[in-house]
Amino acid sequence: MQEIGANGQVDYVEFNVRDIDRAKKFYGDVFEWAFTDYGPTYTEFYDGRITGGFSSTEAITPAGGPLVIFYSSDLSELQKKLEAAGAEIVKPIFAFPGGQRLHFKDLDGYVLGAWTED
């Protein structure tokens with residue numbers, strides 16, 4: 001069972017998606033997340049540290065929210081996985097103070113990021 005985080009920590013991230021199975025395949029293939037289904041319109045994901053969910057009952061709103069950024073030990077390899085899974089790279093690997101980052105658009109249009117240290 002996952003331990004509950006400290007007060008003020010990000011505890012759960014939820015995405016509205018068009019197709020639960022497609023979202024599970026994309027994030028499972030790219031990030032190796034585990035899933036628990038709660039009916040046909042909701043699944044929970046676990047990335048090894050944080051949980052979240054995919055829901056198909058609400059409108060998809062990929063723009064205007066915070067940028068969720070994943071950690072990667074190898075951005076070049078991650079970019080290959082993202083492209084193979086159908087993601088669009090919207091900002092190729094670039095340097096920033098403390099490391100490197102890229103931004104991509106998932107299959108539902110969410111712009112997300114990934115980073116690695118120098």
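Residues numbered from 1 in each chain as written. Predicted model: local features only at pLDDT ≥ 70, side-chain atom pairs only at ≥ 80, totals over all residues. Heavy atoms only, no water.

Looking at the sheet that holds strand β5 (residues 69-71)
As a general point, the strands of a sheet are linked pairwise by backbone hydrogen bonds and lie either parallel or antiparallel. Our working definition: The criterion for strand pairing is that DSSP finds at least two bridges linking the strands in question. By definition, any uninterrupted DSSP run of H or I lasting at least four residues is a helix, any uninterrupted run of E lasting at least two residues is a strand, and each is numbered from the N terminus. With axes taken as lines fitted to C-alpha atoms, and helix axes fitted only over the stretch in contact, angles between N-to-C directions fall between 0 and 180 degrees.
Reading across the sheet, the four strands line up as β5-β8-β7-β6 and stay open at both edges, with mixed pairing between neighbours. Taken across any chain shown, the strands that pair with only one partner, and hence form the sheet edges, are β5 and β6 (88-96). Here the average twist between neighbouring strands, direction ignored, is 20 degrees. Direction of pairing for β6 relative to strand β7 (residues 99-105): antiparallel, over a ladder of six bridges. Paired with I89 across the two strands is F104, which belongs to β7.

Some details on unusual backbone geometry
Phi is positive for E32, close to 60 degrees, though the residue is something other than glycine. Checked against the element boundaries, E32 lands in the loop between α1 (20-31) and β2 (34-37).

What about the packing of α1 against helix α2 (residues 75-84)?
Counted only if it meets this: Roughly parallel covers angles under 35 degrees, roughly antiparallel covers those over 145, roughly perpendicular covers 65 to 115, and oblique covers all other angles. A crossing counts as left-handed when the near helix is turned anticlockwise from the far one by less than a right angle, and as right-handed when that turn is clockwise. Contact criterion: two residues are considered in contact whenever any of their non-hydrogen atoms come within 4.5 Å of each other. Polar here means any residue outside two lists: the nonpolar Ala, Val, Leu, Ile, Met, Phe, Trp, Tyr, Cys and Pro, and the charged Asp, Glu, Lys and Arg; Gly therefore counts as polar.
Two elements in contact, α1 and α2, have axes separated by 9 Å at closest approach and are oriented at 155 degrees. In terms of their interaxial angle, α1 and α2 are classed as roughly antiparallel. Handedness of the α1/α2 crossing: right-handed. Contacts between α1 and α2 pair F26, D29, V30 and F31 from the former with L78, K81 and L82 from the latter. By residue class, the composition of the contact of α1 with α2 is five nonpolar, no polar and two charged.

Thoughts on the layout of surface pockets
Defined as follows: Grid spacing is 1 Å over the protein atoms alone, the probe is 1.4 Å, and a cavity is where that probe fits but cannot get out, while a pocket is an open set with protein on both sides within 12 Å along at least five of seven lines and lining residues have an atom within 4 Å of a point. Grid points are joined across faces, edges and corners, and a volume is the space filled by probe spheres set on the points.
Considered as a void within the structure, the second largest pocket measures approximately 250 Å³ in volume. Looking at the lining of the second largest pocket, the elements that each hand over two or more residues are β1 (12-16) and β8 (111-117). In terms of residue count, the dominant contributor to the lining of the second largest pocket is β1 (three residues). The residue inventory of the lining of the second largest pocket, partitioned by class, reads ten nonpolar, three polar and one charged.

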